Amino acid sequence: MTHTLCRSMMLVAVLCSGVHSHAEDEAHELPNILWVITDDQRPDSLACFNRATRGTSESELGYVSSPNVDMLAKTGVMFTHAYCNSPGCAPSRGSMITGRYPFRNGIYGFEQTHNAVSTFKPVVPEVMRDQGYQAALFGKSGYYIFDWGPGLTWNGLGFWDFEVDAKNDLQRNGLTDWSKEKRRAKISGKSTVVGTEERFYRADGSYESYLIDGEVSEQDVAKKKAIEEELDLLYSTSAGHIIGGRNSQPSDKTLDGCTVAEFVHYLEHAGQAYETGYGLQTDGASLEQPVFLNLGFHFPHTPVMPPQEFRDAFAGKQYRVPEFDLKDLKRLPPQLKTLHTKNRFDDLQPAEKQQAIRDYYAFCAFGDSMVGQAVDAFKTSSKKQEREYLIVYVCGDHSWHLGEQGIESKFGPYDHSNHNAVIVVSSDTEAFPPGTVCEDFVEFVDFAPTFYAAAGLDVTRPEFAHLDGQPLQDTVAGNATKRDYVLGEMNHVYGPRAYIRSKDFAFSMRTRFKNGKAGAGYSVNEKIRWALDAAPKEVEMALFDLRTDPKERVNVADDERYIGLADFFRRKLGNIVLGDRRLEVNWKKENEFAVSEFAIGSDDKRLEIPAGLVPTLDMKIEFGKVRRKSVFGSDTMSHWGGSLVRGDDGLYHMFYSRWPKDLGWAWVTDSEIAHAVSASPFGPFEFQNIALPRRDKDYWDGWCTHNPTVYRFGDKYYLYYMGNTGDGEIVGHPGKQLLNWQHRNNQRIGVAVADSPNGPWTRSDQPLIDVSPEQTALDSLMTSNPSICQRPDGGYVIVYKAVGQEHPLPSGGPVVHCVATSDSPTGPFVKQEQPVFVFEGERFPAEDPYIWFQDGKYRAIVKRIKHEGGRRLFSLVHYDSLDGLDWKPGKHHEISQREVEWEDGEVQQFDHLERPQVYVENGKPVALLCAADTIDENNVRHSFNIQIPLVITFD
């Protein structure tokens, strides 16, 4: 897959430069559009998402299966940092269909809303119909927008030309697996509601039911118990939802199965009359118009009941339960404590937790099969019509907790409530290139302008000024405004609360002075500045430092080090959601509303935190357990080093040094840089080719290429390395290590550039960093072993090994490390005067630094060489720097004494463990690749690459 931060990748073809009526633009072929929305689905239920973000098909919890959506992702763009704008079904779907944030459309929860208020704007299906589309909805709509009666009603507004409603058309007609219905009985000759019953349907059309409230009889209790035992039902203890169990229906007769069947029949009967599964005589899809289809799935919303075949596929799978401690609650504000109280997961038994997680992922796997059927039918229909198409797959109207924060629910300001994935596939592959992964922040308010742009509308025109999002086409093309944050708000479960999330921080706070909604307890925009002016404790702030606490377990809003930062976020978020055109509506009235404008323009998508507010962090680097397969070696070749980059193909590309074993330790004369790939940063790796082979010895790097370090900057790949040339004489042999000093002293630093890690690589005829001409210079004899880092300002800093001529030749010395800077990854580099990683009185104190920038500091892992009693002792240590020029030992300096622990618990110390190369993914170190070796009884060295999981903590 192509990974990009969605910078300028290509120019998206503009479908239409202005607003045209359908009649004016008959020649313009508008694409069919399919909008798929699932319900409560976590992005890590998709193997393709996990591969893109973690390098493995498994989620952090364990096994998932999603072959159909995986295939969909291969054919389009996957947005891995997509966020809903409210963590509840109705307000999230309200933001999607209106294209507006909750604080701009006035829909904060599950309140009945209507279109009579004068601030109401046309919603997505209305705009698409005006543009010539036939709009149809299948399954769950989920938004609470109804007709004004006068007065509140539950009557629809006719947004769609055709609608198959999950509840009214399918469940009420028995086309489902489960439903809740009012039970009626004749009392005194009148039909009277006596309670609510749960129904479980059978394949023959019958169902069994029992009352769950009202006058529950012994017979109801007995039926409930029998069904629970038959279907292995599991309930959450606090909310009482069914969070696990077996479905009473086969896949095709579930609610989602029936929804897909109706969707397929509608497409298969295009241009024909037909009868729906519930007996309605109607017409199929139009053959004259493009179609805009919204397919709303139930899965994996509660009740979580995967059909038997999918439950069987997950039988026996064991999952890692998220860590949680009741002590985590002590630092939380009252609203978030209430969320935990109402949705507990932590009080389940271990086996129940396993079932809840297993059945959830199995239910998602079932849903994947449904999505596959629907997508295939849609593509087939579009092909028959010879019409272009666009598919937008929204993985969850919001996300879902499976034990994180101690809950199984949504509704929170946390990542697991709001983080989703979106996949967009188009027959116009220039607009959405197949196999692309976009890591930019996108939000659910982006869907409306995406559809409008695909329909040929110019979303920059005044009639669309109310939209809060931007077309995903622009994001992919690099033409969208870059977001430093995402945001949202909800008023449900625990009251009104808004959130803002950046790469490094997650902040939320209470927005209104009391619970309830406008018109029920307080008037519209009453005391609108309260959350900005009240005492901090009253505002119930929560701040999580994602640099140190990515699981959001420690609220630091009251921590003395973070008080200033919490106040900054309070002002930023408060000004946006309260003062930048906030809309509150009394939905019980026809047209009672207020718009607050005291901070217009606050939502500028920029997060410019003043200097000094962000605490600096001390990093601690530890090794995780190493899998036996995380070793890359050869029987015939010595392997040394190894540097990793992820390619557009989704594979991990390792570049490493190798030379024939039978030559002995002949790296200085016979090394070449080779290329291997794996589906995981932890292997196993498979050799592909020689990336930088030997060339004519008249070139500076003609005889040897060695110690690679690979990076991706922008759209190109850069392979930095040491090269040399010389007489080519091999002076040692296996078991006896000798050095060809001519080759050693001819070492220089170079860089090769490619558009793909598969090459071809273009290298320069001149070194990138040559020796300095002054004989007294620190690097007057040789330069080698580069490590480069892009600075926050866009420039580059490189650290490299250098040898001068202060000491006698041929070895020269001392061996030091120098720093150079440049505005370009290919130079020219300006050398700095002072060496780094030095120790008083030592001639060769360190080697092989790898540098990167993270969380406000430059970081380095360095091979430390201590000289004690005539022996050299090697270890790996940690340095950090504020500017990349002046390096100090980190607070947690020591990392490893050349030891690793294997997954079976065995601890092994190597003769060497060096050439550390950190693989960083999504800004976080994931793996450390090192050269390692052992020496046998004949003093013969056996070397290989090892991939070590990194465990990073901060204090």
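Fair warning: this is a prediction, and the values are worked out from it, not measured in the lab. (Residues numbered from 1 in each chain as written. Predicted model: local features only at pLDDT ≥ 70, side-chain atom pairs only at ≥ 80, totals over all residues. Heavy atoms only, no water.)

Novice: Sorry, what's going on with the environment of V731 here?
Specialist: With respect to the secondary-structure elements, V731 resides in the loop between strand 34 (716-724) and helix 19 (741-745). Since its relative accessible area comes to 31%, V731 is described here as partly exposed. Sequence spacing of V731 and A666 is 65 residues, and the spatial spacing of their C-alpha atoms is 8.2 Å. Setting aside residues up to four positions removed in sequence, V731 forms contacts with L738, L739 and N740. (Helix = DSSP H or I, 4+ residues; strand = E, 2+ residues; numbered from the N terminus. Buried < 20%, exposed > 50% of the residue type's maximum accessible area, 1.4 Å probe, protein only. Contact = heavy atoms within 4.5 Å.)

Novice: For this particular structure, what's the right way to read the UniProt feature "domain: Sulfatase N-terminal" (unreviewed entry) in the chain?
Specialist: The UniProt entry lists residues 31-143 and 286-456 under the feature "domain: Sulfatase N-terminal" (unreviewed entry), expressed in the numbering used here. Regarding residues 31-143, the helix share stands at 33% and the strand share at 19%, and the terminal C-alpha atoms are separated by 25 Å. (UniProt positions renumbered as here; feature names shortened; annotations may be inferred.)

Novice: Would you take a moment to explain the sheet that holds strand 39 (residues 815-822) for this structure?
Specialist: Strand-to-strand pairing in sheets goes through backbone hydrogen bonds, with the strands running parallel or antiparallel. One open sheet accounts for four strands, arranged 37-38-39-40; its pairing is antiparallel. Of all the strands in the sheet, just strand 37 (782-790) and strand 40 (830-831) have a single pairing partner and so form its edges. Here two bridges tie strand 39 to strand 40, and the two strands are oriented antiparallel to one another. Its bridge partner being in strand 40, T821 is matched across the sheet by V830. (Pairing = 2+ DSSP bridges.)

Novice: So what exactly am I meant to see when it comes to the pairing of strand 2 (residues 32-37) here?
Specialist: Looking along a regular strand, one sees the side chains alternate between the two faces of the sheet. In terms of burial, strand 2 is a largely internal element, six of the six residues being buried. Going residue by residue along strand 2, you find N32, L34 and V36 tucked away on one face and I33, W35 and I37 tucked away on the opposite face as well. Bridging between strand 2 and strand 16 (residues 389-395) involves six bridges; their strand directions are parallel. Across the sheet, residue N32 finds its bridge partner in strand 16, namely Y389. In the sheet, strand 2 pairs with strand 15 (residues 291-296) via five bridges, with the strands oriented parallel. Within strand 15, the position partnered with I37 by the bridge is G296.

Novice: Teacher, can you tell me more about unusual backbone geometry here?
Specialist: A negative phi holds for most residues other than glycine; trans holds for most peptide bonds. Following G149, the chain continues into P150 via a peptide bond in cis, with omega recorded as 10°. Tracing the backbone through its elements, the reader meets P150 in the loop between strand 6 (145-146) and strand 7 (162-165). Here the amide bond leading from T302 into P303 is cis, since omega sits at 0°, within 30 degrees of zero. Structurally, P303 is set in the loop between strand 15 and helix 9 (308-313). In the Ramachandran plot, E386 falls in the positive-phi region, its phi being about 55° despite a non-glycine side chain. Mapped onto the fold, E386 is located in the loop between helix 11 (350-385) and strand 16. The phi dihedral of R898 falls on the positive side, at around 65°, and the residue is not glycine. One can find R898 in the loop between strand 44 (888-896) and strand 45 (899-901). With a relative accessible area of 16%, R898 lands in the buried category.

Novice: Teacher, can you tell me more about the state of the cysteines here?
Specialist: One covalent bond between the sulfur atoms of two cysteine residues makes up a disulfide. On inspection of all chains with the given rule, the structure shows zero disulfides. Free cysteine: C48, not disulfide-bonded; nearest cysteine sulfur from C395 at 8.3 Å. Here C48 falls in the buried class, since its relative accessible area comes to 2%. (Disulfide = S-S within 2.5 Å.)

Novice: Hey, could you run me through the environment of N939 in this one?
Specialist: You can see N939 is positioned in the loop between strand 48 (924-935) and strand 49 (941-954). N939 sits 204 residues away from G735 along the chain, and the two C-alpha atoms are 4.6 Å apart. Separated by 3.0 Å, the side chain of N939 and the backbone oxygen of G735 make a polar contact. (Polar contact = N/O pair within 3.5 Å; in protein donor to acceptor, adjacent residues only side chain to side chain.)

Novice: What should I look at first to understand the sheet that holds strand 35 (residues 748-754) in this one?
Specialist: Reading across the sheet, the four strands line up as 33-34-35-36 and stay open at both edges, with antiparallel pairing between neighbours. Here the strands that pair on one side only, and so sit at the sheet edges, are strand 33 (704-713) and strand 36 (762-763).

Novice: I'm lost on the packing of aromatic side chains in this one. Help?
Specialist: Each aromatic ring pair is characterised by the separation of its centres together with the angle its planes make. Tallied over the entire structure, the rule returns 49 aromatic pairs. Note on F505 and F569: the rings are 5.9 Å apart at their centroids and 55° apart in plane angle, and the pair reads as tilted. With F505 in strand 21 (residues 505-510) and F569 in helix 17 (residues 563-579), this pair connects stretches of sequence that are 64 residues apart. Residue F505 is classed as buried on the basis of its relative accessible area, which comes to 3%. A cation over an aromatic ring shows up here: R695 above the ring of Y699, its NZ or CZ 4.0 Å from the ring centre. The side chain of K863 reaches across the aromatic face of F874, ending 4.2 Å from its centre. (Phe/Tyr/Trp six-rings, centres within 6.5 Å; stacked < 30°, edge-to-face > 60°. Lys NZ or Arg CZ within 6 Å of the ring centre and 35° of its normal.)

Novice: Is there a simple way to explain the packing of helix 2 (residues 67-74) against helix 11 in this structure?
Specialist: Geometry of a packed helix pair, given as the angle between the helix axes and the separation of the axes. Closest axis-to-axis distance for the helix 2/helix 11 pair is 7 Å, and the angle between their directions is 50°. The angle between helix 2 and helix 11 falls in the class oblique. Residues P67, N68, V69 and L72 of helix 2 lie in contact with helix 11, whose contacting residues are D368, S369, V371, G372 and V375. The residue inventory of the contact of helix 2 with helix 11, partitioned by class, reads five nonpolar, three polar and one charged. (Axes fitted to C-alpha atoms, helices over the stretch in contact; angles between N-to-C directions. Parallel < 35°, antiparallel > 145°, perpendicular 65-115°, else oblique. Nonpolar A, V, L, I, M, F, W, Y, C, P; charged D, E, K, R; others polar.)

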